[in-house]
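# Fold and geometry: a report
What follows is each chain in one-letter form.
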Amino acid sequence: MPGNGIECLGPDVNESRQKFSVNSHGAIRFGLAAIKGMGDAAAQTIIDEREKNGTYKSVFDLAERVNLSVVNRKAFESLALSGGFDSFEIARQNYFGINAKGDSFLDSLIRYGQLYQQEQSQAQNSLFGSTEAIEIATPQVPQAEPWSTIETLNRERDLVGIYLSAHPLDEFDIILKAMCNTHCTELDDKVSLSKKDQIVIGGIVTGTKSKFTKTGKPCGFVTIEDFEGSGELAFFGEEWGRWKGMLVEGSTVFITAKCVQKYRDSDYYDFKISDIQYLQTVKDQRIEKFTITMDTTSVDETIVNDISTMLRDSPGNTQLYFQIHDVGNNSHVLLRSKMGPISLKHKLVTYIEVNPGMSYHVN
């Protein structure tokens, strides 16, 4: 997450300190003690052991070395969910996967660490001591059902307070840019909104409140956020009953609406919802064609390989085209990809945006 041009990274057991700190690359690293459920003592124990005996080679190495009465299961859970273990390359959901005995990997990991430390202590306290390495089989990492990006990031936000490793709207960036005409921060400016034939907004629901009016009608107030900021939508009566099921916290939605003056010369405006869809539905069904434009001078083997890698194993509903501009002859050739329909990924769109010789458009 960038802030004033400085990269802000999530917590990491091999790099974070107690509080926010700057790493060797000049990026800000989230502090261990700032993770909900960790506490100062657990954070300091991890840091002290790391500074004394070196970085942790794996999550098993960490379980073998830290004081598990201080760095307890809750601390391990908080680290897994917040991304503190991400450098060990185990997917966050797999820490909560269940083995054949019905135990979660987190529980198996803690028991492994306790057994290892117990065996180590007994070996050191034996009559002759022991120089042999402790040999205990590490528990197998189960493959749990993958979490969606939004679920993963919402769990992260619950523990660190903000989105750090990514933003839940990243995958829908192309929709917000190409298909929306209003930012969430503009929702309060009803006069400007009333001048638009149609209002199209996309974002993530970050808060909802259900109440009743003085006349007893149900109403709801929904906070929706995009990359620019947040705004609030108000729903009353039957309209709230119709849409509240989709407007739950964490939902990413695509809203079409109109803003009309309640009466002639009135200062009051009605914000009327025409339709609400999930952003994933819009991405799957309404982006029919994605065209990548590039000059012949920009095309090389590296770019071809990069794009091919990003599109591999990414089937979807969007037809992919390449429009090649022959600079020498000032002509254009439109080619349809042989890969078949694709699912548009944020990584591909970002790759095109940062490459000065490439652009894209959607239909």
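Residues numbered from 1 in each chain as written. Predicted model: local features only at pLDDT ≥ 70, side-chain atom pairs only at ≥ 80, totals over all residues. Heavy atoms only, no water.

### Regarding the side chain of Asn14
Operational definition: Helix and strand labels come from DSSP, where a helix needs a run of H or I of at least four residues and a strand needs a run of E of at least two; each type is numbered from the N terminus. Whenever two N or O atoms come within 3.5 Å, that pair is a polar contact, provided that in protein one can donate a hydrogen and the other can accept it, and provided that, for residues adjacent in sequence, both atoms are side-chain atoms.
One can find Asn14 in the loop between strand 2 (6-9) and strand 3 (21-22). Polar side-chain contacts of Asn14 include one of 2.7 Å to the backbone nitrogen of Tyr56.

### A few points about helix 10 (residues 301-311)
Just so we agree on the cut-off: Partly exposed residues are those whose accessible area sits between 20% and 50% of the maximum for their type, while under 20% is buried and over 50% is exposed, using a 1.4 Å probe and protein chains only. Throughout, the arc means that of the directions going from the helix axis to the C-beta atoms. Throughout, a contact is declared for two residues whenever any of their heavy atoms are within 4.5 Å.
Looking only at helix 10, the buried set comprises Ile303, Ile307, Met310 and Leu311. Angular distribution of buried residues about the axis of helix 10 spans 95 degrees; they occupy a single face of the element. At its buried positions, helix 10 is contacted by strand 10 (289-295), strand 11 (315-326), helix 11 (346-354) and strand 13 (358-362). Taking the backbone nitrogen of Thr302 as reference, a side-chain oxygen 3.2 Å away marks Asp300 as the first, capping residue of helix 10.

### Observations regarding the packing of aromatic side chains
As a reminder, the rule being used: In summary, the pairing rule links any two rings of Phe, Tyr or Trp, Trp by its six-membered ring, whose centres are within 6.5 Å, and it sorts them by plane angle into stacked for under 30 degrees, edge-to-face for over 60 and tilted for everything else. Both a distance and an angle decide whether a charge sits over a ring: NZ of Lys or CZ of Arg must be within 6 Å of the ring centre and within 35 degrees of the ring normal.
Tallied over the full model, the rule gives twelve aromatic pairs. Aromatic side chains Phe60 and Phe105 sit 6.0 Å apart centroid to centroid with 80 degrees between the ring planes, which places their arrangement in the edge-to-face category. Placement of Phe60 in helix 2 (residues 59-65) and of Phe105 in helix 4 (residues 105-125) is noted, with a sequence separation of 45 residues between them. Grouping aromatic residues by their ring pairs yields a cluster made of Phe60, Phe76, Phe85, Phe88, Tyr95, Phe105, Tyr112 and Tyr116. The ring of Trp147 has Arg155 sitting right over it, with the charged end atom 4.1 Å from the ring centre. The aromatic ring of Tyr321 is capped on one face by Lys289, whose charged end is 4.5 Å from the ring centroid.

### A look at unusual backbone geometry
In most cases, non-glycine residues show a negative phi, while peptide bonds are predominantly trans. Residue Glu89 is not a glycine yet carries a positive backbone phi of 60 degrees. Structurally, the position occupied by Glu89 is in the loop between helix 3 (73-82) and helix 4. For Glu89, a relative accessible area of 76% gives the class exposed.

### Quick look at the pattern of salt bridges
The test is simple: For salt bridges, the criterion is a side-chain nitrogen of Lys or Arg within 4 Å of an Asp or Glu carboxyl oxygen.
For the structure on display, the rule yields 14 salt bridges. Notably, a salt bridge pairs Glu249 with Arg157, separated by 3.3 Å at the nearest N-O pair. You can see Glu249 sitting in the loop between helix 8 (238-243) and strand 8 (252-261) and its partner Arg157 sitting in helix 5 (residues 149-160), a full 92 residues away along the chain. When its relative accessible area of 49% is taken as the criterion, Glu249 is described as partly exposed. In this structure Arg157 comes out as buried when scored by relative accessible area, which is 18%. Among the ionic pairs, Lys177 bridges to Asp173, the shortest N-O distance being 3.1 Å. Residue Lys177 and its partner Asp173 are both found in helix 6 (residues 173-178); the two are separated by four residues, about one turn of the helix.

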